[in-house]
Amino acid sequence: MNQVDYLRISLIDRCNFRCQYCMPEGTDLTYALQQNLLTQEELLTLLHEVFIPVGFTRFRLTGGEPLLRPGVVEIVQAIAQFPETQDLSMTTNAFLLAGMARELYNAGLRRINISLDSLQPDVFDAIIGHHGRSRWQQVWDGIQAAYQVGFNPLKLNVVVIPGVNDQEVLDLAALSIEREWHVRFIEFMPIGNDYLFSDRGWVSSEELRQRIRDRWGLTDGQVRGNGPADVFRIPGAKGTLGFISQMSECFCDRCNRMRLSADGWLRPCLLNETGQLDLRTALRSGVPLAQLRQQVRDLLLLKPEINYKERDSGTTGTYNRTMSQIGG
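Computed from a predicted structure; not experimentally measured.

A. Main features of the pattern of salt bridges. The tally for this structure, following the rule as stated, stands at eight salt bridges. Put simply, R284 and E42 hold a salt bridge, and the shortest N to O gap is 2.7 Å. With R284 in helix 9 (residues 279-284) and E42 in helix 1 (residues 40-51), this residue pair connects regions lying 242 residues apart in the sequence. Among the residues examined, E42 registers a relative accessible area of 14% and is labelled buried. Among the charged side chains, a network of salt bridges with common partners joins R58, D87 and R111.

Written out as structure tokens, the structure reads:
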């Protein structure tokens, strides 16, 4: 496996959307109490005293929806100012981004991923579980604001759901032609929800690539860095197309990440719940930071075995946490 140097940090487990693949309809969500969330001071202490010393240098802020977290700009600024920070990014639904993009950029955020599952407002609103006033335009305004501010790369994440938005694949791919936008198609992953969309299943990345190839042609794929996406380009396009194929093409061998939940649980693998560490409780109980560092080091040594032997355990049965609570 690659060196594990990338930490996805959930700042909050709440979200202002309720996308089915993240928070399935009918799920009884139990949010962390405010006092059980890592405080800003606790988070920065863990980063500076535990994660950075064991080799983490790349950080992504997630949620729920990270822009709902009070003090998010200050958190961005603090992490960006660590000398060891080599990369700082965020995943957001962009609903609140238009008014915050400049402030986040000035604080040191440079890369941003935005969820955009449809270009059709009615389809978009159905996917996000919103049945009142449409939220599509406000999300689109957030995307435009991020682009104008200078976020580069600006990535758009599309979870492809058969019979729901798969007919828009070509329209979404076309966003990469005239702008330096990077559209990433993600195979629907039934994290603990193997019944969800079971009548439709999921669309393989290769099928999507073939549709695009038939329309415009497509360059050969390449893996960039340690991330899960195989990257392609429509000939002559300014942006790229990425395909994250966790269902059809295993990429565990190049995983370089762990996940820290908003309430302080460190999770070595998205696809199962093996080996998690409760760092918040340990920190508040006075466990020495040196001991926490060693626990994280030990978990890093176990990660390859967890990834390979336990990979499939999370796609069936019941999870203790939904995607929104894990941090994606």
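B. Layout of the pairing of strand 10 (residues 257-260). Side-chain alternation along strand 10 places R257 and R259 on one buried face and M258 and L260 on a second face that is also buried. Taken together, the four bridges between strand 1 (residues 6-10) and strand 10 define a ladder with parallel strand orientation. Across the sheet, residue L7 finds its bridge partner in strand 10, namely M258. Pairing between strand 10 and strand 11 (residues 265-267): two bridges, direction antiparallel.

C. Molecular detail of the environment of R213. Summarising the element assignment, R213 is placed in helix 8 (residues 205-216). Residues R213 and I234, 21 residues apart in the sequence, show an inter-C-alpha distance of 8.1 Å. Look past the residues within four positions of R213 in its chain and what remains in contact with it is E206 and L218. Within the structure, the side chain of R213 is placed 3.3 Å from the side chain of E206, a separation counted as a polar contact.

D. Structural context of the packing of aromatic side chains. All chains considered together, the criterion is met by seven aromatic pairs. Here the aromatic rings of Y105 and F151 are separated by 5.3 Å at their centres, their planes lie at 90°, and the arrangement is edge-to-face. Within this pair, whereas Y105 is found in helix 3 (residues 101-107), its partner F151 is found in the loop between helix 5 (136-149) and strand 5 (154-160), the two being separated by 46 residues in sequence. Note on accessibility: Y105 and F151 belong to one class, buried. Pairing W140 with W181 gives two aromatic rings, centres 5.8 Å apart and planes at 75°, and the pair type is edge-to-face. With W140 in helix 5 and W181 in strand 6 (residues 181-187), this pair connects stretches of sequence that are 41 residues apart. Taken individually, W140 and W181 each receive the classification buried, so the pair is uniform in this respect. These aromatic residues form a ring-pair network of at least three members: W136, W140, Y147 and W181. For R110, the ring lying beneath its charged end belongs to Y105, and the centroid distance is 3.9 Å. Over the ring of F243 we find R209, and its NZ or CZ is 5.2 Å from the ring centre.

E. Inspection of unusual backbone geometry at higher detail. A cis amide bond links G63 with the next residue in sequence, G64, at an omega value of 10°. By secondary structure assignment, the location of G64 is in the loop between strand 2 (58-62) and helix 2 (72-80). Following N152, the chain continues into P153 via a peptide bond in cis, with omega recorded as 5°. Within the secondary structure, P153 sits in the loop between helix 5 and strand 5. A positive phi angle is found at A94, which is not glycine, with a value near 75°. Position of A94 relative to the elements: it lies in the loop between strand 3 (87-92) and helix 3.

Quick notes on the rules
Residues numbered from 1 in each chain as written. Predicted model: local features only at pLDDT ≥ 70, side-chain atom pairs only at ≥ 80, totals over all residues. Heavy atoms only, no water. Salt bridge = Lys/Arg side-chain N within 4 Å of Asp/Glu carboxyl O. Helix = DSSP H or I, 4+ residues; strand = E, 2+ residues; numbered from the N terminus. Buried < 20%, exposed > 50% of the residue type's maximum accessible area, 1.4 Å probe, protein only. Pairing = 2+ DSSP bridges. Contact = heavy atoms within 4.5 Å. Polar contact = N/O pair within 3.5 Å; in protein donor to acceptor, adjacent residues only side chain to side chain. Phe/Tyr/Trp six-rings, centres within 6.5 Å; stacked < 30°, edge-to-face > 60°. Lys NZ or Arg CZ within 6 Å of the ring centre and 35° of its normal.

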